[in-house]
Amino acid sequence: MKLVIDDLTTQTRIDSYLADYMQDFSRSKIQNEIKNGAVSVNSKLVKPSYLLKEGDVVEFVPSKPPKILPENIPLEIVWEDENMLVVNKPSGMLTHPTTVEMSGTLVNALLYKYSENLSDLNGDFRRGILHRLDRNTSGLLMAAKNNAAHEYLVEAMKAHKMTKKYLAVVKGVIAEDSFTIDKPIGRSPSNPLKMGVVEGGKEAVSIIKVLERFEDATLAEVQLITGRTHQIRVHLSSIGHPVYNDTLYGFGKMKIKTEEQVLESYKLTFPRPFDGGLISLEIEPDEKVSKVLKTLRN
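Residues numbered from 1 in each chain as written. Predicted model: local features only at pLDDT ≥ 70, side-chain atom pairs only at ≥ 80, totals over all residues. Heavy atoms only, no water.

J.: Please explain the pattern of salt bridges as it appears in this structure.
T.: Under the defined criterion, the tally for this structure stands at 15 salt bridges. A salt bridge links Glu-54 to Lys-158; the nearest nitrogen and oxygen atoms lie 3.3 Å apart. In this pair, Glu-54 sits in the loop between β3 (44-45) and β4 (57-60) while Lys-158 sits in helix α4 (residues 147-158), placing the two residues 104 residues apart along the sequence. As a salt-bridge pair, Arg-233 and Asp-134 come within 2.9 Å of each other at their nearest N and O atoms. Separated by 99 residues along the polypeptide, Arg-233 in helix α5 (residues 231-238) and Asp-134 in the loop between α3 (106-114) and β7 (138-144) bring together distant segments of the chain. We classify Arg-233 as buried; its relative accessible area is 6%. In the salt-bridge network here, residues are joined through shared partners; they are Asp-81, Glu-82, Arg-272 and Asp-275. (Salt bridge = Lys/Arg side-chain N within 4 Å of Asp/Glu carboxyl O. Helix = DSSP H or I, 4+ residues; strand = E, 2+ residues; numbered from the N terminus. Buried < 20%, exposed > 50% of the residue type's maximum accessible area, 1.4 Å probe, protein only.)

J.: Explain the packing of aromatic side chains to me, please; I cannot follow it from the model alone.
T.: Each aromatic ring pair is characterised by the separation of its centres together with the angle its planes make. For the structure shown, the criterion picks out two aromatic pairs. Ring plane angle 70° and centroid distance 5.6 Å describe the contact between Trp-79 and Phe-270, whose orientation is recorded as edge-to-face. In this pair, Trp-79 sits in strand β5 (residues 77-80) while Phe-270 sits in strand β14 (residues 263-271), placing the two residues 191 residues apart along the sequence. Accessibility expressed as a relative area gives 17% for Trp-79, which makes it buried. We classify Phe-270 as buried; its relative accessible area is 0%. Each ring, one from Tyr-152 and one from Phe-274, has its centre 5.4 Å from the other, and the planes form 75°; the classification is edge-to-face. Here Phe-274 lies in the loop between β14 and β15 (278-282) and Tyr-152 lies in helix α4, a separation of 122 residues in the sequence. Assessed through its relative accessible area of 24%, Tyr-152 is described here as partly exposed. (Phe/Tyr/Trp six-rings, centres within 6.5 Å; stacked < 30°, edge-to-face > 60°.)

What follows is the structure, encoded as structure tokens:
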């Protein structure tokens, strides 16, 4: 796979970056792959400690490179044109394959529907993918049909010309009507599977707006200013209001049972490639969010 580094990833160790990207590869396994010559930057071999720079071209050829296969999986396309599309990803679906899970992902479905007409700047594992949602987070997600559109949308993200808003049901009653969480996020030193608020982490900013309060829960709208891994879940947990039923970052069992976190990407605004016309999309709460809200309101 070939990856082009943007400015949001600069000054990150290459072993940490690839471990986060591959997810199912441990950092030690990535380090071994690097030492065995499976990874190059700008066509040169590097050490695991190499710090990435904007524009670096990373090539990673695992010992046994996997092949991503198209699969006929139904998709809810919310909006599309000749350059891109926005899909409503269901909860429970991985955004892209990993070396452990190679099927049933959004990328498998996109490959079936659009064949090779997807950007490949992020490698075969993320064909067309501009940003990702966690497996159990549903909602609006963009994909690019060609590399030019991909680059256009990445630049729009960097310039903060996009707005991404989420619905989150959280544990406990949030007192403030609106506020900003500005806390750096990095990999947890105690658990490599988790992210956390850590000193020296990457800048992470979330804007929180309370929409509705209940006896021991709150419906909040969260706007992402940055896009760190697990950002919303980490930030809300850090203030004592974890996302409802988030077993990774939450604490205690919730009364209303759902499949993991009650979190949905429900609003998205972006400039259309290449004319810059503003596209604004909004979807209804999904089955999981609706179930929890209905029960809380009753």
